Structures are given as structure tokens and as C-alpha cells.
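Structure assessment
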Amino acid sequence: MTADSGQRTADSKRQFAVGVDFGATRIKMGLVNNRGKVLARKVVPTLKDISPAEFVRTVKNEITELLSDSFKCRDCVGIGIGAPGLVNSQRGMIQYLVNINGWENVSIAQALGRRIHLPVRVDNDANVMTLGELVYGAGRGCKNLVCLTLGTGVGGGIIIGGELYRGATHAAGEIGHVAIEQDGRPCACGGMGCVEAYVGNRRIIALGKGKFSSPKQISDAARRGDRFALSIWEQVGTHLGTALASVVNLLNPEKIVIGGGVANAGGLLLDVVRKTVKERAMEGPAGSVKIVKAQLGDNAGIVGGAVLAFSGQRTAFSKTVR
Ligand SMILES: [Zn+2]
């Protein structure tokens, strides 16, 4: 699938979708046109353990405000939500959320759709970010792509043959829980030796031994030539590269797109990842894969949500994305 800037009718020019990035700390919402441009956005804090009813109420109110006179509801193709947990996208159902209690098998697409009278689709947040990067970001033109988001957790999405690969029970793409040590560090998922236990935000800060309180501080120091800070990125990049070498051998992707806050380390991290993948993966797939930084930044969830909404609307989507 690639974005098509070719023929477009006057009607489709006006068309837009709403992307909703449902995070544990913030809910970000935006109107996105069919070229991936964010026309307007809103951000509200997520209440602790927000209930499905509160979520529906909040999102409905904020979207209603976003749909001002200049954005007509009839030009909106629908709403796409990225949620931090296990999502059955076919049924529009959130099976559970990772850091928010009280969400078990919630038919969120139906609940919100009933209140707002627009089609609603929902998927896992990393899958949604992957769709955004595929259609409007660093993955444009790719058919086989792996997308990673690095933060407190490490999420991932897989595109095979231009389609999102969701797996047998909607749980595919959990690259953060690829093990790189047989008896390694305990992981939040209950497993051991998962890459997330080595490259997640908390671990990176712990590696700073009290000298740094954020990955950004480590990057700043590393850019000034601080050897200790450089050694942290060397360690993190080697761990991540080790996991990605397996991903490259397994999936032979054209590109690996790396986003999320930790990816702001840029070359400090990515150069080590590239070197490690070259050393550890098989020559063919290692030689062809491009490892790049994500392009959509803070808007990835909103833009990806809109792609999800467009994909549910056959006419709009076929005009926008092939
Ligand atoms: Zn794990």
C-alpha cells in the first residue's frame, strides 16, 4: 500500500478521519486528511483506571468540539482508535489493557459508534503506529515492514505483503518479548530475558546508575563525548540489535522503523543496532534491510488511527491508499 497523490475528486479532498491515541497517561485525538496531514488535534489527560463509559463520554465530547464548522461530520469517514493492550480488531473489542484496570472484553467500537454515529475501528497501539508509518511515514512504499516503538514498554507491528499481520489471536508483533537470554532478566510479561527487560525506559535509566534520570540526558551527555553515556547506548543498541537480527532472519523485512521516545537517541542508538544486525543476521537479509527512525513522532498514533478508519471505508481508502 502506498499513499497516492494522483487523481482525487473534489469530494475526497474534503474527506478526513479521526485518529484516537488511547494512552495510559494521555488521550490524543486528531482530524487527519487523506494525505496524512493532521488538521486539528486535542490532548486530554487519561483519568486513572478510566472506565469504558468515561472514555466514550470524553472522546465523544472532544471529537464533537474538534468537528467545528470548517470540518463537516458528513466528510468524516470514521474513527480509528489505537489502544494499549490486546485488541480483537475484527470485533472492535478491547480484550484487556496493560496499564488500565477494568477493561475486559469491552466492545468499544460499538459503544462509541452508537454515541457518535460514525464507524469506529480499534486496534493495538503498536499496530496502529505501524499503519501510520507504512502509509504516511518512514515505511511508505514498503510491502514488508517491521515497526518498533521504544518506551517504558517495547511494542511492535508487522506488515507482510502490504497487510498488517495480526496473528491467530490478535497478539502478533510483540517484539519486546523476544528473548535474547535464556535465563535472563525477569520481564513485566512474566517471562525471562525478553529484550524489553534490557532496552525499556526503566532499564536504560537504571544503567545510568543515578547519574542520568532520562534517556534524553544520556543522549545529551553522549553527544558531548561522555564515555559512560556512550557505553549505555552501546549496551542498549547491542541488545536491541540482537533481537532484531532474529527478526530480520525470520521475516526478511525491507525496513525496520524505530519510533517512541527512546528512538530520539537517533544515531547513538541506531548505528549500534545496524552494526549488530549486520554482524548477527544472515548476510542476505542483513544486507538489504534498512533500519530507520520513525517519521510521525508524537502524531504517529493519531495518523495511524486515521489510516485504520480510512481502511474501513472502502471508497475513501481505495482513493487514498492502494
Ligand atoms: Zn517479556
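Residues numbered from 1 in each chain as written. Predicted model: local features only at pLDDT ≥ 70, side-chain atom pairs only at ≥ 80, totals over all residues. Heavy atoms only, no water.

This brings us to the packing of helix 8 (residues 227–251) against helix 9 (residues 267–280). Working note: a packed helix pair is described by the angle between its axes plus the distance between those axes. At a minimum axis separation of 7 Å, helix 8 and helix 9 run at an interaxial angle of 45°. Looking at the two axes, helix 8 sits oblique to helix 9. Helix-helix and strand crossings are classified by hand; for helix 8 and helix 9 the assignment is right-handed. Tallied by class, the residues present in the contact of helix 8 with helix 9 amount to twelve nonpolar, six polar and three charged. (Axes fitted to C-alpha atoms, helices over the stretch in contact; angles between N-to-C directions. Helix = DSSP H or I, 4+ residues; strand = E, 2+ residues; numbered from the N terminus. Parallel < 35°, antiparallel > 145°, perpendicular 65-115°, else oblique. Left-handed = near helix turned anticlockwise from the far one by under 90°. Nonpolar A, V, L, I, M, F, W, Y, C, P; charged D, E, K, R; others polar.)

When a metal holds four donors in a tetrahedron, each ideal angle between them is 109.5 degrees; when it holds six in an octahedron, the ideal angles are 90 or 180 degrees. Around the zinc ion, the donor atoms from the protein are H177 (ND1), C187 (SG), C189 (SG) and C194 (SG), and they sit 2.0 to 2.4 Å away. Bound by four donor atoms, the zinc ion shows angles of 105 to 119° at the metal and therefore tetrahedral coordination geometry. (Donors = N, O, S within 2.8 Å, 3.2 Å for Na, K, Ca; no water. Tetrahedral: all angles 85-135°; square planar, octahedral: opposite > 155°, others 65-115°.)

Moving on, we get to the side chain of K255. Assignment of secondary structure puts K255 in strand 11 (residues 255–259). Despite being buried, K255 has no salt bridge partner; E254 is the closest side chain of opposite charge, sitting 7.7 Å away. At a separation of 2.8 Å, a polar atom in the side chain of K255 contacts the main-chain carbonyl oxygen of A138. Sequence-distant contacts of K255, defined by excluding residues within four places in its chain, comprise A138, C142, N144, L145, V146, V289, K290 and V292. (Buried < 20%, exposed > 50% of the residue type's maximum accessible area, 1.4 Å probe, protein only. Lys, Arg positive; Asp, Glu negative; His and termini not counted. Salt bridge = Lys/Arg side-chain N within 4 Å of Asp/Glu carboxyl O. Polar contact = N/O pair within 3.5 Å; in protein donor to acceptor, adjacent residues only side chain to side chain. Contact = heavy atoms within 4.5 Å.)

Turning our eyes to something else, we now look at the environment of G184. As for its placement among the helices and strands, G184 is situated in the loop between strand 10 (163–164) and helix 5 (196–199). Separated by 13 residues in the primary sequence, G184 and A197 place their C-alpha atoms 8.6 Å from one another. Setting aside its immediate chain neighbours within four residues, G184 contacts M192, G193 and Y198.

As a further point, take the pairing of strand 1 (residues 16–22). Buried residues dominate strand 1, accounting for seven of its seven residues. With burial as the criterion, each face of strand 1 is covered, one bearing F16, V18, V20 and F22 and the other bearing A17, G19 and D21. Direction of pairing for strand 1 relative to strand 2 (residues 26–33): antiparallel, over a ladder of seven bridges. Each residue of the ladder has a partner; that of F16, found in strand 2, is N33. Linking two consecutive strands that pair antiparallel, namely strand 1 and strand 2, is a turn of three residues. (Pairing = 2+ DSSP bridges.)

Helix 3 (residues 108–116) packs onto helix 2 (residues 52–66) with a crossing angle of 45° between their chain directions and a minimal axis gap of 10 Å. Comparing their axes, helix 3 and helix 2 come out oblique. You can see that helix 2 and helix 3 cross each other, and the crossing is right-handed. Two secondary-structure elements touch here, helix 2 through F55, V56, V59, K60 and I63 and helix 3 through I108, A111, L112, R115 and I116. For the contact of helix 2 with helix 3, a count of residues per class yields eight nonpolar, no polar and two charged.

In this description, an aromatic ring pair is defined by two values, namely the gap between the centres and the angle between the planes. With the rule as written, the count across this model stands at five aromatic pairs. Between F212 and F228, the ring centres sit 6.1 Å apart and the planes meet at 20°, which makes this aromatic pair stacked. Linking F212 in the loop between helix 6 (201–207) and helix 7 (215–223) with F228 in helix 8, this pair joins segments that are 16 residues apart in sequence. An aromatic cluster is present here, built from F22, F55 and W103 joined pairwise through their rings. (Phe/Tyr/Trp six-rings, centres within 6.5 Å; stacked < 30°, edge-to-face > 60°.)

With that settled, the discussion passes to the sheet that holds strand 3 (residues 38–45). Taken in spatial order, the five strands of this open sheet run 3-2-1-4-7, and their pairing is mixed. Lying at the two open borders of the sheet, with one neighbouring strand each, are strand 3 and strand 7 (120–124). Taken pair by pair, the neighbouring strands of this sheet meet at an average axis angle of 15°, ignoring direction. With seven bridges connecting them, strand 2 and strand 3 associate as antiparallel partners. Of the residues in strand 3, the one forming a bridge with K28 is V43. Here helix 2 sits on the sheet and contacts strand 1, strand 2, strand 3 and strand 4 (76–83); the angle it forms with strand 2, its principal contact strand, is near 40°. Strands strand 2, strand 4 and strand 7 of the sheet are contacted by helix 4 (residues 125–136), whose axis makes an angle of about 105° with strand 7.

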